Number of protein chains: 4
Amino acid sequence: MENILVTGFDPFGGQALNPALELVRRLQGITVDGHRVETREIPTVFDKSIERLLAAVSEIKPKLVICVGQAGGRPDITIERIAININDARIADNDGQQPIDTPVIPGGPAAYWSTLPIKAMVKEMNDHGIPASVSHTAGTFVCNHLFYGLMHHLATTDNAAVRGGFIHIPFLPEQAVQHKGQPSMSLEAIVKGLEAGIGAAIRYQEDIVVSTGQIC
Amino acid sequence: MENILVTGFDPFGGQALNPALELVRRLQGITVDGHRVETREIPTVFDKSIERLLAAVSEIKPKLVICVGQAGGRPDITIERIAININDARIADNDGQQPIDTPVIPGGPAAYWSTLPIKAMVKEMNDHGIPASVSHTAGTFVCNHLFYGLMHHLATTDNAAVRGGFIHIPFLPEQAVQHKGQPSMSLEAIVKGLEAGIGAAIRYQEDIVVSTGQIC
Amino acid sequence: MENILVTGFDPFGGQALNPALELVRRLQGITVDGHRVETREIPTVFDKSIERLLAAVSEIKPKLVICVGQAGGRPDITIERIAININDARIADNDGQQPIDTPVIPGGPAAYWSTLPIKAMVKEMNDHGIPASVSHTAGTFVCNHLFYGLMHHLATTDNAAVRGGFIHIPFLPEQAVQHKGQPSMSLEAIVKGLEAGIGAAIRYQEDIVVSTGQIC
Amino acid sequence: MENILVTGFDPFGGQALNPALELVRRLQGITVDGHRVETREIPTVFDKSIERLLAAVSEIKPKLVICVGQAGGRPDITIERIAININDARIADNDGQQPIDTPVIPGGPAAYWSTLPIKAMVKEMNDHGIPASVSHTAGTFVCNHLFYGLMHHLATTDNAAVRGGFIHIPFLPEQAVQHKGQPSMSLEAIVKGLEAGIGAAIRYQEDIVVSTGQIC
C-alpha cells in the first residue's frame, strides 16, 4: 500500500495547542482510497522544520505530501496555491529565530506552485459540507517556509513523481474562546475536510478547471 | 420534572435549512440538570411567530424560555441582552411581509432586558470550549420581534416567575460552503454550547458580574 | 439664530486623539441651514460626561443635540438608534472608573430611542458621498452612557421640544496607522458627513420610511 | 528631468469609477523629488493591458513604473510584494474574457518580486499618516496580470535598471456608499499616500529591513 505523508506543526505564538497537530493525531494510520496516511509532527522552527520534513519524506517514501498549518483568523480550510522564497517573521519561531527578508533557499526561484489538484480538493471538501477555498498566500512565517522547502526539494531531486502542497486550517473552537471574535472550525469538520481533500488528491492527477480566483 | 422551552425558526432568506431548527431537533426531549427540554418550531413570520410561541408557553408551562435564531456572519454563539420595540425588515419574512419602522407591540416600552443570566451562560459555554459572547443587538427582523414579544408577554402577564431570552447561532458549515468567507460552527458544537447555556440558566437565578461590555 | 449643540469626547483608551474632538473643532461656530453650531468637549468619564453635557444644554438652549464619539473598527459613520440603561465597561474611563452592569440612571427605562431623523440623516450623508448607516448598539461604555443620559434628560424635563441623538465616527487615517487592518475615514469626509446630517436633522421633523434594518 | 510612470485602470465589475483612474488624473504632471510623474489609463482587459503598459514604458522611458489598481474591501493602501504567473478570473474583464488557470506569460517563471522598496514605501506612507501595508497577493485578475507582465518585461529586456511594482488602493467613500460595510479611503488621502510612496521609491535603491510579515 502506498503512503501519504501528512504533517502538522507544534503549537507556537503562545497557543496551548495547534489544530494541525490535533489533526495529524487523528489521521495517523488511517486508510484513504487504498493509501495509508502516515503523519509527522514538525517543529515551528525555521530550517529545522524543513530538515525534519525531508527526513520523513526520505523514510516514508510517500506518493503525496501534505503539510498542514494553523491560520488563525481564517474561517475555512484554505488550500495554498503558491509558496514564495522569503522568510519575514513578525514573531519569533519556537527557537527564538526571527528572520526578516531572507530567502528560504538562497538562489531558489521566487516561487513554486503546489502540485496538488487544489481546486478538485476544494470542491471535494465543499461537496462534503466543509467550507474550503483556494488561498494565494501562505504568509511569510514557518508555514510558507516549510511549503517552499518541500516544493524545492520535490522539484530538484528525483522525487519529481511525488506531489506536494500545503493546507491551512482555522482555529479550533477552544482557541477561539481565547480569541474573541475569531472564527473557528471543529476538529471533526477539519478531519472530514482533510479526508475528502486527500481522497481528491489521490484521484486527480490533473486539476479541474473552475474559477476560484480572486479580484485581489 | 419542570420544563425548559427552546424554540427554533424555520429556514428563511433563501436558505435550505436553519441551524436553529436543526438544533431544536437535537435538543427535543433531553434532560438538563433535572429539567426536560421541550422544543417547538417557529415560523419566520412577523406576529405569527409570537402567537405560536405564546401558545407553546401556555401549553408547556416552562420555567425558562430560550428562543434561538440564525445569525449568518457571526463567528460565535451570541446571547442577546436586549429586545427592542421595532420591526425594520430588510427582506420579506416567510409570509411576504416586510414591515418598516413599526412597533412589535404598539404602546410597549422601547426595550426589554433578557431575564436570562447572560454572562453566566457565556462563561459556561466558554468553559466547555464553545466560543460565545454577549450581544447588544438582536437586529430588527423576526428574531428581535419574537424576543420582544416573549419578554413583553412575560412582563405583563402572571408569568413573572418565568425567565426568558434569545440566543443567536452561526451558520452551519454546509451553509458557509454557499456563503464563501463566512464563519460557521458545527451542529455538535452548537448543541454542546446550548446544553451548557441551559444548565447555567437553570442554576443561576442571579447573573455573575464580569465585564463583557463593548466600547461601541 | 437657533443653536445646534454638537459634542465630542476627549481621547481615551490610550489614543493620542479622538476624531470626535477633532470634528467639533472644525464644526465650532459654523452655520448650517440658518442654525449656528455650538460645540463642547466632553470628558470620557462616567457621570461627569452627562453633567457636562446637561450644563451645556442649559447654557446653549439648543434646538438639537448631537453627541459624537469614536467607534474604532467601524468603517462608516453610524447614526445610533437606541440608548440602553446599562454601564458595562471593558476598560477604565479617563477617571479610572470601570462600572459593570450598573444602570446609567437608576429606575430609568431600559432604553430610549434617538429623536433624530436617523434614516433621513443616513440618506443625506450617502447622497453627499459619505458612507453612513443606522446602528442598533452604541455599546456599553461612555458613549452609550452619555446618549442615555441625554435622552433621559430630554424626556423627563421641559425640553421635550429639543431633539437629540448620538453619532459614532470611525478612526482617523493616522489612528489606523497604529491599528493595522482597521478601517478609517478622513476628517474632511467626517466633517462633510456631519454637516449633511445636521442639515437633515434640521429639515426633517419626521423621519423618512426606508428600511435600513438588519437581520441580526 | 527623469520620468516616473504611474498607471490606473478604467472602471470594471459594474463600478461607475475606479479610484486608480481618479488617482492618476490627480498625479499627472506633478513633480516628486525632482522627477516628473507621467500617467496612463490602462484598460481592465487581459493582454491588452500589458500591451498598453509596455507601449507607455517604451514611449516615456521611465525610471520607475508603478501600476495602481482598486482593491475593494481592503482598508488601507497595499504595496504588492509578488506577481504570479496565473490568470484565474472570477468575473469577465472589460472585453468579456474570463481566462481560468492560464499563464500570464507561457513559459515564464512562477513569480516575480516587486523591485520597489516596498517596506520603505509603507513606512513613508505611514509616517505621513496614511494607512498602508505590504500585501503578498495581488489576486489573479487583471491587476496581478499587469503586474506580472510588467515585471517579466523589465526582467527580460534591457530595462534592467528600471524598477517597477504594483499598489492596490481601497474603494473611494462614494463607492462604499454603494457597498455597505466596506472600508474606504478619500482620494486626498490616497494621493498623499502615493506621493509619499513615490518619493520613497525614488530615494531608496535598497529597501529597509523591518518585519511586515504575516503569519499566514
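Rules used throughout
Residues numbered from 1 in each chain as written. Chains lettered and ligands numbered in written order. Predicted model: local features only at pLDDT ≥ 70, side-chain atom pairs only at ≥ 80, totals over all residues. Heavy atoms only, no water. UniProt positions renumbered as here; feature names shortened; annotations may be inferred. Least-squares fit on C-alpha atoms with pLDDT ≥ 70 in both. Contact = heavy atoms within 4.5 Å. Helix = DSSP H or I, 4+ residues; strand = E, 2+ residues; numbered from the N terminus. Buried < 20%, exposed > 50% of the residue type's maximum accessible area, 1.4 Å probe, protein only. Buried area = accessible area lost by both parts, 1.4 Å probe. Salt bridge = Lys/Arg side-chain N within 4 Å of Asp/Glu carboxyl O. Polar contact = N/O pair within 3.5 Å; in protein donor to acceptor, adjacent residues only side chain to side chain. Pairing = 2+ DSSP bridges. Axes fitted to C-alpha atoms, helices over the stretch in contact; angles between N-to-C directions. Phe/Tyr/Trp six-rings, centres within 6.5 Å; stacked < 30°, edge-to-face > 60°.

As named in an unreviewed UniProt entry, chain A is Pyrrolidone-carboxylate peptidase, taken from Paenibacillus tyrfis. You can read under Subcellular location (unreviewed entry) in the UniProt record for chain A the words "Cytoplasm". In the Subunit (unreviewed entry) part of its UniProt record, chain A is described as follows: "Homotetramer."

Here we take up the relation of the copies chain A and chain D. Relative to chain D, chain A is turned by 180° and slid 0.0 Å along the rotation axis, the superposed coordinates differing by an RMSD of 0.0 Å. Considering both components of the superposition, the chain copies are consistent with a two-fold axis. When you check the interface residues of chain A against chain D, 97% turn up at the interface there too, and the contact is symmetric in its surfaces.

Residue and element names in this part refer to chain A. With numbering aligned to this structure, UniProt lists the feature "active site" (unreviewed entry) at Glu80, Cys143 and His168. Considering the C-alpha atoms alone, the annotated residues occupy 89 residues of sequence yet fold into one spot, their largest mutual distance being 10.3 Å. As for its position among the elements, Glu80 is in strand S5 (residues 77-80). Owing to a relative accessible area of 0%, Glu80 belongs among the buried residues under this scheme. Residue contacts for Glu80: discarding those within four places in its chain leaves Arg74, Ser114, Ile118, Ser135, His136, Thr137, Ala138, Phe147, Phe166 and His168. Tracing the backbone shows Cys143 in helix H4 (residues 142-156). The residues touching Cys143, leaving out its near neighbours within four places in the chain, are Phe9, Gly69, Gln70, Ala138, Phe166 and His168.

Attention now moves to the interface of chain A and chain B. Listed as interface residues are 18 residues of chain A and, on the opposing side, 18 residues of chain B. Carbon and sulfur atoms supply 61% of the area buried between chain A and chain B, which totals about 1,200 Å² over both sides. For the pair chain A and chain B, the interface holds 0 salt bridges. Counting across the interface, chain A meets chain B through 6 residue pairs in polar contact (both at pLDDT 80 or more). Secondary structure elements with two or more residues in the side of chain A that touches chain B: helix H3 (118-127), strand S10 (132-135) and helix H5 (173-178) of chain A. Examining the composition of the side of chain A that touches chain B, we find that 4 residues originate from one element, H5 of chain A, more than from any other.

Take the sheet that holds strand S4 (residues 64-70) of chain C next. Residue and element names in this part refer to chain C. With mixed pairing, the 7 strands of this open sheet are ordered in space as S2-S3-S1-S4-S11-S5-S10. Either end of the sheet is taken by a strand with one partner, and the two such strands are strand S2 (31-32) and strand S10 (132-135). Pairing of S4 with strand S11 (residues 163-169), which is carried by 7 bridges, proceeds in the parallel orientation. From the neighbouring strand, Gly69 faces S11, where its bridge partner is His168. The strands touched by helix H3 (residues 118-127) within the sheet are S4, strand S5 (77-80), S10 and S11, with S10 carrying the most contacts at an inclination of about 160°. Helix-sheet contacts for helix H6 (residues 187-203) involve strand S1 (3-9), S2, strand S3 (35-42), S4, S5 and S11, and the interaxial angle to S11 is about 160°.

Its rotation angle being 180°, the transformation that places chain A on chain B also includes 0.0 Å of axial translation and leaves an RMSD of 0.0 Å. A shared binding surface is used by both copies, with 100% of the interface residues of chain A retained as interface residues in chain B.

Looking now at the side chain of Asn85 of chain D. Residue and element names in this part refer to chain D. Relative to the helices and strands, Asn85 is located in the loop between strand S6 (82-84) and strand S7 (87-88). There is a polar contact of 2.8 Å between the side chain of Asn85 and the backbone nitrogen of Val104. In terms of polar contacts, Asn85 uses its side chain to reach the backbone carbonyl oxygen of Gly108, at 3.2 Å.

Residues and elements named next belong to chain B. Counted according to the given criterion, the structure contains 20 aromatic pairs over all chains. When the ring of Phe9 is compared with that of Phe166, the centres are 6.4 Å apart and the planes differ by 40°; the resulting orientation is tilted. Here Phe9 is found in strand S1 (residues 3-9), whereas its partner Phe166 is found in strand S11 (residues 163-169), with 157 residues between them in sequence. With a relative accessible area of 2%, Phe9 lands in the buried category.

Over all C-alpha pairs, chain A and chain C never come within contact, reaching a minimum spacing of 13 Å. Chain B shows no contact with chain D. Their nearest C-alpha atoms sit 13 Å apart.

The subject of this paragraph is the environment of Val6 of chain C. All names here are of chain C. Tracing the backbone through its elements, the reader meets Val6 in strand S1. Its relative accessible area of 0% is what places Val6 among the buried residues. Put simply, Val6 and Leu27 are 21 residues apart on the chain and 8.1 Å apart in space, counted from C-alpha to C-alpha. For Val6, the residues in contact, after removing those within four places along its chain, are Val24, Leu27, Val37, Glu38, Thr39, Arg40, Ile66, Val68 and Ile198.

Across all of its chains, the model carries 60 salt bridges over all chains by this definition. When the shortest N-O distance is used, the salt bridge between Lys119 of chain D and Asp101 of chain A registers 2.8 Å. Within this pair, whereas Lys119 of chain D is found in helix H3 (residues 118-127), its partner Asp101 of chain A is found in strand S8 (residues 100-102), the two belonging to separate chains. Owing to a relative accessible area of 25%, Asp101 of chain A belongs among the partly exposed residues under this scheme. What you see here is one network of salt bridges that share partners, running through Arg36, Glu38, Arg40 and Glu59 of chain A.

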